[in-house]
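Here are the chains, one letter per residue:
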Amino acid sequence: MFEAISAKDGTIAGGPDHSRDHHSGAVTDLRRIGINPNFWYPVAVSTSVRKEKTFAATFAGERIALYRGNSGTVYALEDRCAHRQVPLSMGVVEGDTLRCCYHAWAYRGNGRISQIPYLPRGAARPPRGVRAYPVREAYGLVFVFPGDPQQAVTTALPELPEFDSAKHKTMTFSRTVRCHYSFMHENLLDMNHQFLHRGVVGRIQPKLLGYDTDPQSVEARYLFTHAGGKKNRGAGLLAAKNIGGTTSPDVITIRTVYPYQTLQLVPENAELPAFSLWVAYVPEDAEQQTNHVYGLLMIEKPPVPGAIHLAWPLIRRFTERVFAEDRMAVEAEQRAWNEQGEDCNHEVFPLILDVRHVLRTNGVPLRAGSALCGAAAFCGSSPPASTPRLAEFVNGG
Ligand code: FES
Ligand SMILES: [Fe+2]
């Protein structure tokens, strides 16, 4: 689906009100749109939250104290003691309670204070406790629900059937990238950036076969052809069939399904993908100019027993190298935004215009009174004279 562009940044007409300034009606700069907190977000890798230990996590400037009780359950509390605001993540786990390191106030997993050791009899009623976040563990990650807790009950965790499939093995990624999460979505969906990876993967020609958009998602299908240059073994090993030596054209499907992103290669007639990447970009700071990437790369095991273990380090090295290049680019984009103070990008690829719309309309205002993108005059630029037509991007037309 592609709709007419109505603004210099390619906004599709008719978005919900919160993507616009209520007074002027101007489109809010996408990089000033906060991620919607009413979803499950990973904030730690499960193995980082050890039994009877704490872990300091963060979501968009909210500090969260995770701890794993003696029972094995993980709890998530506001990382601030109700007494004197000292981080609870500096505290001590006792059974399934968390005791602040300073004056030893103790908290239950629901955030209620269970003990103030020195409180005199008849003293004034102390505070009830701190905020507790709904928390779930799945896929080797700890997810919290930072939004309205009522909605946590009805909001599903992402479904990843490959994770539990005995035919697949999962590689986990967890790292910080210094940019707004929207740059990450644009980067993965816009495969026209293969030039960036020419040193690692050779000359790859991506051809957009088609794409679909709805209010919450954008799905793009690309055909990848190797057009010369060095072939990367790690890249070849990502598809199990390739370990056996045969290759076929790779059709890759990339989806932003708000707020997550996936990339899959599903061979013809196969039930599950040959490989499948699921990613969440979790803002760390209040300005959301830094995000933590949690990625699960689920790779189909080749039929030869043990071959996946031999291929594993090569696949890891390949993905790390590609990721490092992408990180370099998106962090440079964020630096440019910081220097210019607004989004001066000239986007020409229709599906990226669509994903920008999805991210804008599903997001939330970053904070009350946040500045809107300034006038186009500051960019020293004007919108593209004409909008590229879909046909120009599909099948190389
Ligand atoms: S600051 Fe936590 S008990 Fe005093
Ligand atoms: Fe890339």
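Above: the structure in question.
So, here is what we can say about the structure in this document. (Residues numbered from 1 in each chain as written. Chains lettered and ligands numbered in written order. Predicted model: local features only at pLDDT ≥ 70, side-chain atom pairs only at ≥ 80, totals over all residues. Heavy atoms only, no water.)

1. As for the sheet that holds strand 5 (residues 74–78)
- Across the sheet, 3 strands lie side by side as 3-4-5; this open sheet has antiparallel pairing. Either end of the sheet is taken by a strand with one partner, and the two such strands are strand 3 (54–59) and strand 5. Each strand axis lies, on average, 30 degrees off the axis of its neighbour in the sheet, ignoring direction. (Pairing = 2+ DSSP bridges. Helix = DSSP H or I, 4+ residues; strand = E, 2+ residues; numbered from the N terminus. Axes fitted to C-alpha atoms, helices over the stretch in contact; angles between N-to-C directions.)

2. Comments concerning the pairing of strand 17 (residues 275–283)
- With 9 of its 9 residues buried, strand 17 lies for the most part within the structure.
- Because side chains alternate across strand 17, one face comprises the buried residues Phe275, Leu277, Val279, Tyr281 and Pro283, and the other comprises Ser276, Trp278, Ala280 and Val282, equally buried.
- Summarising the sheet, strand 16 (residues 260–265) and strand 17 pair through 6 bridges and their orientation is antiparallel. Along strand 17, the bridge assignment pairs Leu265 with Phe275.
- Pairing geometry for strand 17 and strand 18 (residues 291–300), over 9 bridges, is antiparallel. Bridged to Phe275 within strand 18 is Ile299. (Buried < 20%, exposed > 50% of the residue type's maximum accessible area, 1.4 Å probe, protein only.)

3. Comments concerning the environment of Leu277
- Relative to the assigned elements, Leu277 resides in strand 17.
- Taking the C-alpha atoms as reference, Leu277 lies 6.2 Å from Met298; in sequence the two are 21 residues apart.
- Not counting residues up to four positions away in its chain, the partners in contact with Leu277 are Gln261, Thr262, Leu263, Leu296 and Leu297. (Contact = heavy atoms within 4.5 Å.)

4. Some words on the pairing of strand 16
- Across the 6 residues that make up strand 16, a large majority, 6, are buried.
- Of the two faces of strand 16, the one carrying Tyr260, Thr262 and Gln264 and the one carrying Gln261, Leu263 and Leu265 are both buried.
- Inspection of the sheet shows strand 15 (residues 250–257) paired to strand 16 by 6 bridges, in the antiparallel sense. Across the sheet, residue Thr256 finds its bridge partner in strand 16, namely Gln261.
- Taking the residues that link successive antiparallel strands as the turn, the strand 15-strand 16 hairpin has 2 residues.

5. What to know about the pattern of salt bridges
- Under the criterion given, the structure shown has 16 salt bridges.
- A salt bridge links Asp79 to Arg63; the nearest nitrogen and oxygen atoms lie 3.8 Å apart. Placement of the pair is Asp79 in the loop between strand 5 and strand 6 (92–94) and Arg63 in strand 4 (residues 62–68), with a sequence separation of 16 residues.
- One salt bridge connects Arg68 with Glu137, and the closest N-O pair in it is separated by 2.9 Å. Of the two residues, Arg68 is situated in strand 4 and Glu137 in strand 10 (residues 135–138); the sequence distance between them amounts to 69 residues.
- Of the residues examined, Arg68 reaches a relative accessible area of 12% and is grouped as buried.
- By relative accessible area, Glu137 is classed as partly exposed at 37%.
- The network of salt bridges with shared partners includes Arg31, Glu186, Asp343 and Arg356. (Salt bridge = Lys/Arg side-chain N within 4 Å of Asp/Glu carboxyl O.)

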